[in-house]
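Each chain is listed here by its residues.
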Amino acid sequence: MTRKRPFEFLIETAIFSAGAISIDGSFISTTASGDANAAPLSLHANAGDLTISGGSEVKAFVTGLPTSLGQGGPIDLTASGSVLVSGGSTIGSTNFGTQGLAGDIAITANQVSLSEGATISAQSLGTGNAGTIQITASDSLVMQNSAITTQTVSSDGGDIHIQVGRLVQLTDSQITTSVQGGLGNGGNITIDPQFVILQNSQILAQAFGGN
């Protein structure tokens with residue numbers, strides 16, 4: 001783990017485990033280039049909440065030539081309590097311009113809350129497919145002015161799976177999969193709670209030339 005500047009770390013392999021975890025105004029990422037894969041990034045709050053706030057970024061990147069095969073690393077966030085993302089913070093996996101896939105993102109908690117411009121995204125800017133996003137909450141997913149999205153330039157959009165025990169509530173928020181061009185298919189969106197509440201919000205799967 002190499003410290004680049006205050007509150008910024010570039011990490012080859014990252015598994016953080018504690019009773020509770022708070023990340024405020026900080027940047028944590030795993031990176032790779034060429035045919036190498038970005039390392040997994042895991043945050044585990046074993047006895048409390050996982051809080052990401054103050055414009056923090058938790059990301060996995062892969063960069064390279066259009067012929068490179070590197071893949072974005074998976075991101076795994078778990079909490080025995082809640083995963084709370086706020087204040088413009090971002091959880092993201094991105095593939096910049098290679099044939100590899102963007103990494104998958106998995107979040108598991110009792111409650112998942114996104115607010116104040118928070119974003120969870122998996123995107124591919126090359127020819128590889130976007131990664132999938134899996135959110136599993138035993139109680140609820142609540143979003144306010146936030147977004148969960150997968151995006152590709154021309155390949156297949158990544159799937160979004162949301163498995164929640166009780167409630168999915170979106171206020172001024174979006175859950176979207178999209179393909180900006182080409183014949184790639186829009187990713188599937190699966191939502192499985194008891195109740196869904198949408199207020200000025202959207203759930204969309206979009207494609208340019210595909211299904």
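Description of the structure in this document. Computed from a prediction, not measured in an experiment: that's the story for all the values here.

**Side note on the overall build of the chain**
Part 1: For the chain, the helix and strand inventory stands at 0 helices and 21 strands.
Part 2: Burial analysis of the chain (211 residues in total) assigns 48% to the buried set.

**Side note on a nonpolar patch on the surface**
Part 1: A cluster of nonpolar side chains, Val196, Leu198 and Ile203, forms an exposed patch at the surface whose accessible area comes to about 220 Å².
Part 2: Mapped onto the elements, Leu198 comes out in strand S20 (residues 195-199).

**A few points about the nonpolar core**
One recurring pattern in soluble globular proteins is that nonpolar side chains are buried together.
Part 1: Judged by nonpolar contacts, the single largest core of 37 residues is most densely connected at Ile91 and Ile148.
Part 2: Once residues within four sequence positions are removed from consideration, Ile91 is found in contact with Ile52, Val58, Ile75, Leu77, Val85, Ile105, Ile107, Thr119, Ile120 and Ser121.

**A closer look at the pattern of salt bridges**
Part 1: Overall, the coordinates contain 2 salt bridges when judged by the stated rule.
Part 2: Residue Glu57 is joined to Lys59 by a salt bridge in which the shortest nitrogen-to-oxygen separation is 3.3 Å.
Part 3: Take Glu57: its relative accessible area is 27%, and that puts it in the partly exposed class.
Part 4: Given the relative accessible area of 17%, Lys59 is considered buried.
Part 5: Here Arg166 ties to Asp139 by a salt bridge, and the two come within 2.8 Å at their closest N and O atoms. Highlighted residues: Arg166 in the loop between strand S16 (160-164) and strand S17 (167-171) and Asp139 in strand S14 (residues 133-144), separated in sequence by 27 residues.
Part 6: Of the residues examined, Arg166 reaches a relative accessible area of 36% and is grouped as partly exposed.
Part 7: Under the relative-accessibility criterion, Asp139 is labelled buried at 16%.

Cut-offs and rules
- Residues numbered from 1 in each chain as written.
- Predicted model: local features only at pLDDT ≥ 70, side-chain atom pairs only at ≥ 80, totals over all residues.
- Heavy atoms only, no water.
- Helix = DSSP H or I, 4+ residues; strand = E, 2+ residues; numbered from the N terminus.
- Buried < 20%, exposed > 50% of the residue type's maximum accessible area, 1.4 Å probe, protein only.
- Patch = residues over 30% accessible without salt bridge, like charges linked within 9 Å, V, L, I, M, F, W, Y side chains within 5 Å.
- Areas by Shrake-Rupley, 256 points an atom, 1.4 Å probe, with all protein chains shown as cover.
- Salt bridge = Lys/Arg side-chain N within 4 Å of Asp/Glu carboxyl O.
- Core = buried A, V, L, I, M, F, W, Y, C linked by side-chain atoms within 4.5 Å.
- Contact = heavy atoms within 4.5 Å.

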